[in-house]
Structures are given as C-alpha cells and as structure tokens.
Amino acid sequence: MIKVEISTEFIKLDQFLKFTGEVETGGEAKELILSGDVKVNGEIEIRRGKKLYPNDKIEFMGKIFIVDR
C-alpha cells in the first residue's frame, strides 16, 4: 500500500492518477478510468472527476494507493 500525500482538501481521480506518476497524461488517465480498471474504496469508478479525500483507497495497475494529508 502506497500513501500519497495531498495538500488540498481533495483531489480529482484523473489528477490523482497523474500525481502518482503511474500515468503521464490526462488522456491516459481518462482511458484507464473509463475502461473500468480503477477502483475507489473497492468499487469500480468511471467518473474522472470523482473527488478523493484523505483515507480513500484507490486500486489500479496492480497497486493500492491511500490518499493521505
């Protein structure tokens, strides 16, 4: 499990994927999300603009990330 620290109240899912460095562009993030390959708190999430808050768990590409502040 990888903790990812944010300095704001929330971060949008597509921005989070870029922030982790696992994808390079917003287009890659969009494709990954829309393909159903991203889970937020155990549920498949297809909304790019889904707001993530501290303690949310994001799973994709075989990795698990936790939003931290």
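## Side note on the overall build of the protein
Here's step 1: Regarding its fold elements, the protein presents 2 helices and 7 strands.
Here's step 2: Reading the protein from its N end, one meets helices and strands in the order β-β-α-α-β-β-β-β-β.
Here's step 3: Seen through its principal axes, the protein has C-alpha atoms that stretch 30 × 20 × 20 Å.
Here's step 4: Residues counted as buried form 32% of the 69 residues belonging to the protein.
Here's step 5: Expressed as a percentage of contacts within the protein between residues at least 6 apart in sequence, the contacts between residues at least 24 apart total 47%.
Here's step 6: Here the protein has roughly 4,400 Å² of accessible surface; of this, 45% comes from carbon and sulfur atoms.
Here's step 7: Counting 12 positive and 13 negative side-chain charges, the protein places the averaged centre of each group 4 Å from the other.

## Here's the deal with the sheet that holds strand β1 (residues 2–5)
Here's step 1: An order of β1-β7-β6-β3-β4 is seen for the 5 strands of this open sheet, with the pairing classed as mixed. Both outer strands of the open sheet, β1 and β4 (43–44), are each paired with one neighbouring strand and no more.
Here's step 2: Of the strand pairs in this sheet, strand β6 (residues 57–60) and strand β7 (residues 63–68) are connected by 4 bridges, and their pairing is antiparallel. Bridging across to β7, F60 finds its partner in K63.

## Overview of the nonpolar core
Here's step 1: Ranked by internal contacts, the top residues of the largest apolar core, which has 17 residues, are L13, F16, L17, V38, L52, I58 and F60.
Here's step 2: Of all the elements in the fold, those that place two or more residues in this core are α1 (13–20), α2 (26–34), β6 and β7.
Here's step 3: The contact partners of L52, leaving out residues within four places of it in the chain, are I6, E9, F10, I11, L13, F16, V40, I58 and V67.

## As for α1
Here's step 1: All buried positions along α1 are accounted for by L13, D14, F16, L17 and T20. Taken end-on, α1 shows its buried residues confined to a sector of 160°, consistent with a single buried face.
Here's step 2: Of the residues flanking the end of α1, it is G21, one or two places downstream, whose phi is positive at about 85°.

Scoring rules and cut-offs
- Residues numbered from 1 in each chain as written.
- Predicted model: local features only at pLDDT ≥ 70, side-chain atom pairs only at ≥ 80, totals over all residues.
- Heavy atoms only, no water.
- Helix = DSSP H or I, 4+ residues; strand = E, 2+ residues; numbered from the N terminus.
- Buried < 20%, exposed > 50% of the residue type's maximum accessible area, 1.4 Å probe, protein only.
- Contact = heavy atoms within 4.5 Å.
- Areas by Shrake-Rupley, 256 points an atom, 1.4 Å probe, with all protein chains shown as cover.
- Lys, Arg positive; Asp, Glu negative; His and termini not counted.
- Charge placed at Lys NZ, Arg CZ, Asp CG, Glu CD.
- Pairing = 2+ DSSP bridges.
- Core = buried A, V, L, I, M, F, W, Y, C linked by side-chain atoms within 4.5 Å.
- Arc of directions from axis to C-beta.

Without other data, these values stay purely geometric and don't point to any function.
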